[in-house]
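Chain by chain, the residues run as shown.
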Amino acid sequence: MAWYFIVAIVIGALFALTFILYITNADMKLVEIIYNKLIAFHERKDVDEKL
């Protein structure tokens, strides 16, 4: 197999993966999970409020 066939297969696989993520809205589901974990982390921190 020539190297350009391997490159074409890899590019095609990456395109297929990103297309599936886009169609299933999996990217925003991942962002929501990360966002919720960050909110929980920051709410646990002790903060001194100086007025």
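Quick note: structure is the one above.
Note on numbering: residues in each chain are counted from 1, in written sequence order. It should be noted that, the model being predicted, local features are given only for residues of pLDDT at least 70 and side-chain atom pairs only at 80 or more, the latter also being counted only at that level, while totals for whole chains, interfaces and linings use all residues. To obtain the side-chain values, all non-hydrogen atoms of the structure were used and water was disregarded.

Draft legend 1. Just the overall build of the chain, in detail. Only DSSP runs of H or I reaching four residues or more are called helices, and only runs of E reaching two or more are called strands; each is numbered from the N terminus. Counting its regular elements, the chain contains two helices and zero strands. This radius of gyration counts C-alpha atoms alone. The globule rule is 2.2 Å times how many residues there are, raised to the power 0.38. Its C-alpha atoms give the chain a radius of gyration of 20 Å, more than 25% over the compact-globule value 10 Å for 51 residues. Overall, the C-alpha framework of the chain stretches about 70 × 25 × 15 Å when taken along its three principal axes. Sorting the 51 residues of the chain into buried and exposed places 0% on the buried side. As displayed, the chain has an accessible area near 5300 Å², and 70% of this comes from carbon and sulfur atoms. Between the averaged position of the 5 positive side-chain charges in the chain and that of its 6 negative side-chain charges there is a distance of 5 Å. Working definition: with a 1.4 Å probe on protein chains only, accessible area under 20% of the residue-type maximum means buried, over 50% means exposed, and in between means partly exposed. For the accessible areas, the method is Shrake-Rupley and the probe is 1.4 Å, while residue cover comes only from the protein chains on display. Charged residues are defined here as Lys and Arg on the positive side and Asp and Glu on the negative side; His and the ends of the chain fall outside this count. A charge is said to be at NZ when it belongs to Lys, at CZ for Arg, at CG for Asp and at CD for Glu.

Draft legend 2. Inspection of the packing of aromatic side chains at higher detail. Planes of paired rings set the category: under 30 degrees apart is stacked, over 60 is edge-to-face and the rest tilted, where pairs are Phe, Tyr or Trp rings (Trp by its six-membered ring) whose centres lie within 6.5 Å. Taken as a whole and assessed by the stated rule, the structure comprises three aromatic pairs. Ring geometry for Tyr4 against Phe5: centres 5.0 Å apart, planes inclined by 45 degrees, an arrangement best described as tilted. Seen in terms of ring centroids, Phe15 and Phe19 are 6.3 Å apart; in terms of plane orientation they differ by 20 degrees. Their pairing is stacked. Taken together, the residues span about one helical turn, with Phe15 and Phe19 both in helix α1 (residues 3–24) at a distance of four residues. For Phe15, a relative accessible area of 57% corresponds to the exposed category. Among the aromatic residues, those joined into a cluster by ring pairs are Trp3, Tyr4 and Phe5.

Draft legend 3. Broad picture of α1. Every helix has an expected span of 1.5 Å times one less than the residues it contains. For α1, with 22 residues, the first-to-last C-alpha span of 32 Å sits near the 32 Å given by 1.5 Å per residue. Positive phi appears at Asn25, one or two residues downstream of α1, with a value of about 60 degrees.

Draft legend 4. Seen up close, a nonpolar patch on the surface. Residues Met1, Trp3, Tyr4, Phe5, Ile6, Val7, Ile9, Val10, Ile11 and Leu14 make up a contiguous nonpolar surface patch of about 1100 Å² in total accessible area. Mapped onto the elements of the fold, Phe5 is located in helix α1. Patches here are clusters of residues that have more than 30% relative accessible area and form no salt bridge, with a 9 Å joining cutoff for like charges and a 5 Å cutoff for nonpolar side chains (Val, Leu, Ile, Met, Phe, Trp, Tyr). A pair is scored as a salt bridge if a Lys or Arg side-chain nitrogen falls within 4 Å of a carboxyl oxygen belonging to Asp or Glu.

Draft legend 5. Highlighting the environment of Tyr4. Take Tyr4: it is sitting in helix α1. Distance from Tyr4 to Asp46, taken between C-alpha atoms, is 55 Å for residues 42 residues apart in sequence.

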